[in-house]
Amino acid sequence: MTKQINTLFAVLIMVLLMIATRGHDNWLSSFVHLPDFTIPALFIAGVYFRKFWVVFTLILSSVAIDNYAIVHQGVSANCITPAYSLLPLTYYGIFWVSKTISTLIIDDNIVKNAFVIITATCTQWLAATSSYYFFTDTYSKTGWSDFPAYITKWSIIEIPTVLYWMVAVIIAFTLAPRINPALKLQKSG
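Residues numbered from 1 in each chain as written. Predicted model: local features only at pLDDT ≥ 70, side-chain atom pairs only at ≥ 80, totals over all residues. Heavy atoms only, no water.

1. A short note on the UniProt feature "transmembrane region" (unreviewed entry) in the protein
When the UniProt feature table is mapped onto this chain numbering, "transmembrane region" (unreviewed entry) sits at residues 39-60, 114-135 and 155-176. For residues 39-60, the end-to-end C-alpha separation is 13 Å, with 91% helix and 0% strand making up the annotated structure. (UniProt positions renumbered as here; feature names shortened; annotations may be inferred. Helix = DSSP H or I, 4+ residues; strand = E, 2+ residues; numbered from the N terminus.)

See the structure below:
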């Protein structure tokens, strides 16, 4: 029962971080604008929680956050194209791939784990961005000829923010158990 409560608490914290950072107007963005925590939450879920209901909750939360921002906060629905339906699949891909990561701490596997994180993040971003680009006016006017410039412009803005979060997560997950051994995360089933 304690393990279930800990999992529920961790999922709640991750959902709250997603709400605070998903890039829409909220109470936190008036003080500081942090990058989106969705992908790091999916990595954490895949490495430590590994349950379908956890990833389902995180993905459903990301869609609900976007829907709320568009419907109730007047955020532009520019990103909502038929390509948006691919986004939850790419999120699930992050979760699935992250199961190959042994732990999110600095240890003997850090190089392998960093490679998996970077490759998965770039692949997810490329799949989501390519599908979005396909449904934009730019594609309808120029086809794929402007795509290299498009990915060059946006990849250097969007991919590093996920990686910055992952560095922060890895540092926190490495240091927290050293400060308080009870904070050491263990993989669940």
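So that's the structure; there's more coming.
2. Describing the pattern of salt bridges
Enumeration according to the criterion identifies two salt bridges in this entry. Two residues, Asp-36 and Arg-22, come together in a salt bridge whose shortest N-O distance is 2.8 Å. One end of the pair, Asp-36, is in the loop between α1 (2-21) and α2 (38-49); the other, Arg-22, is in the loop between α1 and α2, with 14 residues separating them in the sequence. Across the pair Arg-22 and Asp-66 runs a salt bridge, and its minimum N-O distance is 2.9 Å. Of this pair, Arg-22 sits in the loop between α1 and α2 while Asp-66 sits in helix α3 (residues 52-73), and the two are 44 residues apart along the sequence. Residue classification places Arg-22 among the buried positions, given a relative accessible area of 10%. According to the relative accessible area criterion, Asp-66 is buried, its value standing at 8%. In the salt-bridge network here, residues are joined through shared partners; they are Arg-22, Asp-36 and Asp-66. (Salt bridge = Lys/Arg side-chain N within 4 Å of Asp/Glu carboxyl O. Buried < 20%, exposed > 50% of the residue type's maximum accessible area, 1.4 Å probe, protein only.)

3. Description of unusual backbone geometry
Of note, Arg-50 is a non-glycine position whose phi angle comes to about 55°, a positive value. Secondary-structure assignment places Arg-50 in the loop between α2 and α3.

4. Here we look at helix α4 (residues 87-98)
An ideal rise of 1.5 Å per residue puts 16 Å on twelve residues; α4 measures up with 17 Å between its terminal C-alpha atoms. By the burial criterion, the buried members of α4 are Leu-87, Thr-90, Tyr-91, Ile-94, Phe-95 and Ser-98. Seen end-on, α4 carries its buried residues on one side only, within an arc spanning 150°. Looking at α4, the residues exposed on the side facing more than 90 degrees away from the buried face are Leu-89 and Trp-96. Among the structural elements, α2, α3 and α5 (110-134) are those in contact with the buried residues of α4. (Expected span 1.5 Å × (residues − 1). Arc of directions from axis to C-beta. Contact = heavy atoms within 4.5 Å.)

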